[in-house]
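Chain residues, written in single-letter form:
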Amino acid sequence: MMEYRPNLDWMLTDLAKSVPGIQMIVVLSADGLRIARQGGDPDTGDRVAAACAGLQSLAGALADEITSSDGEMRMILIEVNGGYFYLMAAGPNAYLAVLSDIRCEPGMMSSRMRDLVARIGPHLTSPPRRNKRVV
């Protein structure tokens, strides 16, 4: 089972305070397990993490169809009525997801997410697992 990493809490809180409208931030592994969360409840964080695993896989498959792409997903932005969803690669096998309301300006959010990933990317890395063991 993936271990929750409370040492990431202050970094996620800093991101949440720096951009208006953020409702939830989730750090997740490539296989959809929640590593850390800020805002919302744990069950919602788990559902968001699971959904993100499918999205990053789909984005990677589509990236393979772009001839100039290396096939790696960097960022997904989804706009829905009332808000936005952001998903960004944050290190080997780790992703950073943000749910926000409409006050959150997408350009600012993606910039702040990139800054966070650049500063702490190694802390967001999730080692691959097989049969509940790190490989």
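Below, the structure is looked at part by part. Everything numeric here is computed off the predicted structure, so don't read it as measured data.

**Some thoughts on the overall build of the protein chain**
What the protein chain contains, in helices and strands, is three helices and seven strands. Across the 135 residues in the protein chain, those meeting the buried criterion constitute 42%. Of the contacts formed within the protein chain by residues at least 6 apart in sequence, a portion of 50% connects residues at least 24 apart. Entry remark: accessible area of the protein chain is about 7600 Å², with carbon and sulfur atoms responsible for 53%.

**Some remarks on the environment of arginine 74**
Tracing the backbone through its elements, the reader meets arginine 74 in the loop between helix 2 (42–63) and strand 3 (75–80). Along the backbone, arginine 74 and tyrosine 95 are 21 residues apart, and their C-alpha atoms lie at a distance of 9.3 Å. Apart from the residues within four sequence positions on either side, arginine 74 is in contact with Leu87, Met88 and Ala89.

**So, the nonpolar core**
Of all hydrophobic cores here, the largest spans 22 residues; its most connected members are Leu15, Ile22, Ile25, Leu96, Val98 and Met109. Elements with a contribution of two residues or more to this core: helix 1 (9–18), strand 1 (22–29), strand 2 (34–38), strand 4 (83–91), strand 5 (94–101) and helix 3 (106–120). Ignoring sequence-local partners within four residues, the contact set of leucine 96 consists of Leu12, Ile25, Val26, Val27, Tyr86, Leu87, Met88, Ala90, Met113, Leu116 and Val117. Residues Met24, Leu28, Cys52 and Leu87 belong to the second largest nonpolar core, which totals 13 residues.

**Things to note about the pairing of strand 2**
Summarising burial for strand 2: four of the five residues are buried, a large majority. Sheet analysis places strand 1 next to strand 2, joined by four bridges and oriented antiparallel. The residue of strand 2 that forms the bridge with valine 27 is alanine 36. In this structure, the hairpin formed by strand 1 and strand 2 is closed by a connection of four residues, where glycine 32 is found at a positive phi of approximately 90°.

**Observations concerning the pattern of salt bridges**
Within this structure, the stated rule accounts for two salt bridges. Two residues, arginine 34 and aspartate 46, come together in a salt bridge whose shortest N-O distance is 2.8 Å. You can see arginine 34 sitting in strand 2 and its partner aspartate 46 sitting in helix 2, a full twelve residues away along the chain. What makes aspartate 46 partly exposed here is its relative accessible area of 35%.

**Topic: the side chain of serine 110**
Here serine 110 shows up in helix 3. Classification of serine 110 by relative accessible area gives buried; the value is 13%. If near-sequence neighbours (up to four positions away) are discounted, serine 110 is found in contact with Met75 and Met88.

The rules behind each value
- Residue positions within a chain follow its written sequence, with the count starting from 1.
- Whole-chain, interface and lining totals are the exception, using all residues; otherwise, since this is a predicted model, local features are given only for residues with pLDDT of at least 70 and side-chain atom pairs are given and counted only at 80 or more.
- Side-chain numbers come from the whole structure's heavy atoms, not from hydrogens or water.
- Secondary structure elements follow DSSP: runs of H or I no shorter than four residues count as helices, runs of E no shorter than two count as strands, and numbering proceeds from the N terminus.
- Burial classes: relative accessible area under 20% of the type maximum marks a residue as buried, over 50% as exposed, and values in between as partly exposed (1.4 Å probe, protein chains only).
- The contact criterion used is simple: two residues touch if any of their non-hydrogen atoms lie within 4.5 Å.
- Residue exposure ignores everything except the shown protein chains as possible cover, and the areas themselves are Shrake-Rupley values with a 1.4 Å probe.
- Here the nonpolar core consists of buried residues drawn from Ala, Val, Leu, Ile, Met, Phe, Trp, Tyr and Cys, with membership extended through side-chain atoms lying within 4.5 Å.
- DSSP-based pairing: two strands are paired if at least 2 bridges between them are found.
- What counts as a salt bridge is simple: a side-chain nitrogen of Lys or Arg found within 4 Å of a carboxyl oxygen of Asp or Glu.

Purely geometric numbers; function is a separate question.
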